Amino acid sequence: MIRCMNTSNTVGWVTSRASTLRHAQILHDTNGCWTRDAVERLVDGHPDWKIRREFADLLVVGLEPTELHASLGPELFFDTRIPKSPHFGRARLPLIEFGFQATPAERAAALQELAEILSGIGRPTPVLAAADGFGLRWQSEERTMLLQSNQRRAWVSVQPVEHQAQHLPSDFPPVIAALVPLLHDDATGMCDRSAIEQCITKTPTWSAEFDEAQARALVRTADRDGEVVFLGPAGQRDNYNRLHLYRFTDAPDLERRRFIFGEIFRAVCGAIGEPTLLGGGPNGPDVRWRNSGTEARVLRLRADLRHVWIETSPAEQLEDQELSTFEHGGPAAGPGGPSDFPLLPYNWQLVLSGPGDTAEYLPGGRLALTLPHLQEALETLLSTWIEQLPVQQPGKKVTFTIAGSGISGGLSFAFDTTKGILLRIGSRTGGLADDAIEMSALGWEQSGRRWKAEFKKPTESTPGEVAALIVGELAARGLTDPEGLVAKGIQLGSPHGFFRATGLGITAG
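Structural notes, computed from the coordinates. (Residues numbered from 1 in each chain as written. Predicted model: local features only at pLDDT ≥ 70, side-chain atom pairs only at ≥ 80, totals over all residues. Heavy atoms only, no water.)

**Looking at the overall build of the chain**
Short version of the rule: Each helix is a run of DSSP H or I of at least 4 residues and each strand a run of E of at least 2, with the numbering of both proceeding from the N terminus. This radius of gyration counts C-alpha atoms alone. The globule rule is 2.2 Å times how many residues there are, raised to the power 0.38. Each residue is assigned to one of three classes by its accessible area relative to the maximum for its type, calculated with a 1.4 Å probe on protein chains only: buried under 20%, partly exposed between the two thresholds, exposed over 50%. Any pair of residues with heavy atoms lying within 4.5 Å of one another is described as a contacting pair. Residue-level accessible areas treat just the shown protein chains as cover; the underlying method is Shrake-Rupley with a 1.4 Å probe. We count Lys and Arg on the positive side and Asp and Glu on the negative side, and we leave His and both chain ends out. The atom standing in for a charge is NZ when the residue is Lys, CZ when it is Arg, CG when it is Asp and CD when it is Glu.
For the chain, the count of helices and strands is ten helices and 31 strands. The globule rule puts the C-alpha radius of gyration for 509 residues at 23 Å, and the 25 Å found for the chain is close to it. For the C-alpha atoms alone, the extent of the chain along its principal axes is close to 75 × 65 × 45 Å. Relative to its 509 residues, the chain shows a buried fraction of 51%. Of the contacts formed within the chain by residues at least 6 apart in sequence, a portion of 59% connects residues at least 24 apart. When the accessible surface of the chain is split by element, carbon and sulfur atoms take 50% of a total near 23500 Å². Put simply, the chain has 50 plus and 62 minus side-chain charges, and the middle of one group is 3 Å from the middle of the other.

**What about the packing of helix H4 (residues 172-185) against helix H6 (residues 254-272)?**
Just so we agree on the cut-off: A fitted line through C-alpha atoms represents every axis, and for helices the fit uses only the stretch in contact; the resulting angles, taken between N-to-C directions, go from 0 to 180 degrees. What sets the label is the angle itself: under 35 degrees gives roughly parallel, over 145 gives roughly antiparallel, 65 to 115 gives roughly perpendicular, and the rest give oblique. Crossings are assigned a handedness: left-handed for a near helix turned anticlockwise from the far helix by less than a right angle, right-handed for a clockwise turn. In this classification, the charged set is Asp, Glu, Lys and Arg, the nonpolar set is Ala, Val, Leu, Ile, Met, Phe, Trp, Tyr, Cys and Pro, and all remaining amino acids, among them Gly, are polar.
For the pair H4 and H6, the least separation of the axes is 9 Å and the interaxial angle reads 65°. If you check the angle between H4 and H6, you find them roughly perpendicular. The handedness of the crossing between H4 and H6 comes out as right-handed. The segment H4 lies against H6, with Ile 176, Ala 177, Val 180, Pro 181 and His 184 engaging Ile 264, Ala 267, Val 268, Ala 271 and Ile 272. The residue inventory of the contact of H4 with H6, partitioned by class, reads nine nonpolar, one polar and no charged.

**Some thoughts on the nonpolar core**
Put simply, the rule reads: Grouping buried Ala, Val, Leu, Ile, Met, Phe, Trp, Tyr and Cys residues that are joined through side-chain atoms within 4.5 Å yields what is termed a nonpolar core.
With 87 residues, the main nonpolar core has Phe 230, Ile 264, Leu 301, Trp 385 and Leu 423 as its most contacted residues. Setting aside chain neighbours within four positions, we find Trp 385 in contact with Trp 348, Pro 390, Val 398, Phe 400, Phe 413, Phe 415, Phe 499 and Ala 501.

**Some details on the packing of aromatic side chains**
Inclusion rule: Aromatic rings from Phe, Tyr and Trp, taking only the six-membered ring of Trp, are treated as a pair when their centres fall within 6.5 Å; an angle between ring planes under 30 degrees marks them as stacked, one over 60 as edge-to-face, and anything in between as tilted.
What the rule picks out here adds up to eleven aromatic pairs. With a centroid separation of 5.2 Å and an interplanar angle of 75°, the aromatic rings of Tyr 246 and Phe 248 are classed as edge-to-face. Judged by its relative accessible area of 14%, Tyr 246 falls in the buried class. Judged by relative accessible area, which is 7%, Phe 248 ranks as buried. Ring centres of Trp 385 and Phe 499 lie 6.1 Å apart, and the angle between their planes is 40°; on these two criteria the pair is classed as tilted. Here Trp 385 is found in helix H8 (residues 371-392), whereas its partner Phe 499 is found in strand S30 (residues 498-500), with 114 residues between them in sequence. With relative accessibility at 1%, the residue Trp 385 sits in the buried group.

**Let's talk about the sheet that holds strand S20 (residues 307-314)**
In a beta sheet, neighbouring strands pair by backbone hydrogen bonds and run either parallel or antiparallel. What counts here: We call two strands paired when DSSP finds no fewer than two bridges between them.
Overall, antiparallel pairing links the ten strands, which are arranged S12-S13-S14-S16-S20-S19-S18-S17-S22-S30 in an open sheet. What marks the edges here is a single partner per strand, and that holds for strand S12 (207-211) and S30. Put simply, the sheet's adjacent strands are angled 15° from each other on average, direction ignored.

**A word on the pairing of strand S24 (residues 397-403)**
Burial of S24 is extensive: five of the seven residues sit out of reach of the surface. Alignment of S24 against strand S25 (residues 411-416), held across six bridges, turns out to be antiparallel. Paired with Phe 400 across the bridge in S25 is Phe 413.

**A word on the side chain of Arg 220**
Threshold: Within 3.5 Å is the distance limit for a polar contact, defined as a pair of N or O atoms, with the added protein rule that one can donate a hydrogen and the other accept it, and that residues adjacent in sequence qualify only through two side-chain atoms.
Its location among the elements puts Arg 220 in strand S13 (residues 216-220). Here Glu 209 takes part through its side chain, which lies 2.8 Å from a polar atom of the side chain of Arg 220. In contact with Arg 220, not counting residues within four places along its chain, are Thr 205, Trp 206, Ser 207, Glu 209 and Glu 227.

**Here we look at the environment of Glu 322**
Mapped onto the elements of the fold, Glu 322 is located in helix H7 (residues 315-328). When residues no more than four places from it in sequence are discounted, the contact partners of Glu 322 are Arg 288, Arg 300, Pro 345 and Tyr 346. Here the side chain of Glu 322 touches Arg 288 through a polar contact of 2.6 Å, side chain to side chain.

**Overview of the state of the cysteines**
Inclusion rule: For the purposes of this analysis, a disulfide is any pair of cysteine sulfur atoms at a distance within 2.5 Å.
The tally for this structure, following the rule as stated, stands at zero disulfides. Considering cysteine sulfurs only, Cys 199 is the nearest to Cys 269, which forms no disulfide, with 19 Å between them.

**Quick word on the pattern of salt bridges**
Heads up, the condition is: Whenever a carboxyl oxygen of Asp or Glu lies within 4 Å of a side-chain nitrogen of Lys or Arg, that contact is scored as a salt bridge.
The tally for this structure, following the rule as stated, stands at 29 salt bridges. The salt bridge involving Glu 75 is made with Arg 53; its shortest N-O contact spans 2.9 Å. Residue Glu 75 is located in strand S5 (residues 75-79), and its partner Arg 53 is located in strand S3 (residues 50-54); the two are separated by 22 residues in the primary sequence. You can call Arg 53 partly exposed: its relative accessible area is 27%. Measuring nitrogen to oxygen at the nearest pair gives 3.3 Å for the salt bridge that ties Glu 454 to Lys 452. Owing to a relative accessible area of 39%, Glu 454 belongs among the partly exposed residues under this scheme.

Structure below.
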């Protein structure tokens, strides 16, 4: 189990209050700054600004001259959503750093002051569900700008609004932009009937029908296929905590599920900003926005084989339930019983340095007791990665190495969302000729002094094939259970965030 905490001991504003207002005002007044040329024109228009550092997917602009190290001055970060993309997907301006020693009162006072300063820019919408209730959002047809915070810092984030939808009805992006904030913004995590009616009146081609008996509100757009449904919890009237965004009319294949969820995911981020953490499990993707405080709530964008929806839950209640599943679950009848890897609430998460806070305690994961359990764990986890990572972390790569007795050099695993899966392992300890026959029969291909197996275009059957190959090779090397195995160097190729493979089935080392 991991206890999350902020170890920094510094607190302070990144720059002066006047500069904070000036820089945020410039961002608010700037549209279409999503290419390198556009950023250069923006910088040229401000004599104090200078491009300080440039990487493949990140551009850093210094906003004030400084005689000290460049990183000590205020900086504006432009980064891409997709590696090597010619277009930036977000601009981020850090404003305040909160240290471990900052008290809740000091933190709240600083956020309140910052919100008051920035509220003079345009006409922002207060976001009550933000950390400590001091979030703001500025919405235009071209971009969304947000004041966001977590326990460590406060910043302004700007990103373009998604207008195009290739696999969804054409009016879906504006539907998401209008309706998702109704759940996100409210501190209670609920959306009431009056909020929906007020939203509908702004668009004459939309209509709403309310069914109190079923605690349901049906919103129809100009395109009938674009209808969405608000649902309320049991016992509630005219209050809703779930928004069904899309219903599959048939059994969707892997590619279609990724396309649909990807477009909705990007549209939701364009409306309410980046999430607190990415992730998913056997039941589908599970992306979360979490606010702060004792009454914290979690907004979850989820999907299964039938629907894509977004819902809110009390953070403590949800996280305690999930922690209990990890802590007290497991095989129903010891090593001889079936595992519960397919029943985990999630089997991977990427904890981002995004808005809100993560849970105070994060489960360490589930361990496999037998080789069949390990095979089921690997197959379940790889199924989620193949479907979910190309959407949530496009262009990135998951890597780890399984180390243990009889595995000289380890068994290395890599899943690149654009290049597929690659396994590598050394030869066995027996005769080379016998090894070649036996390993080739399992599906390995000799590669120099090692062996490899490639799955360049993973399909829905690939997870089972990969899991069987890995466990079959471990068994052929004399392993009878996974107790001595360790997964070393588990990482998702990203400089930001903390990657967790809670459904891998072996100890992380």
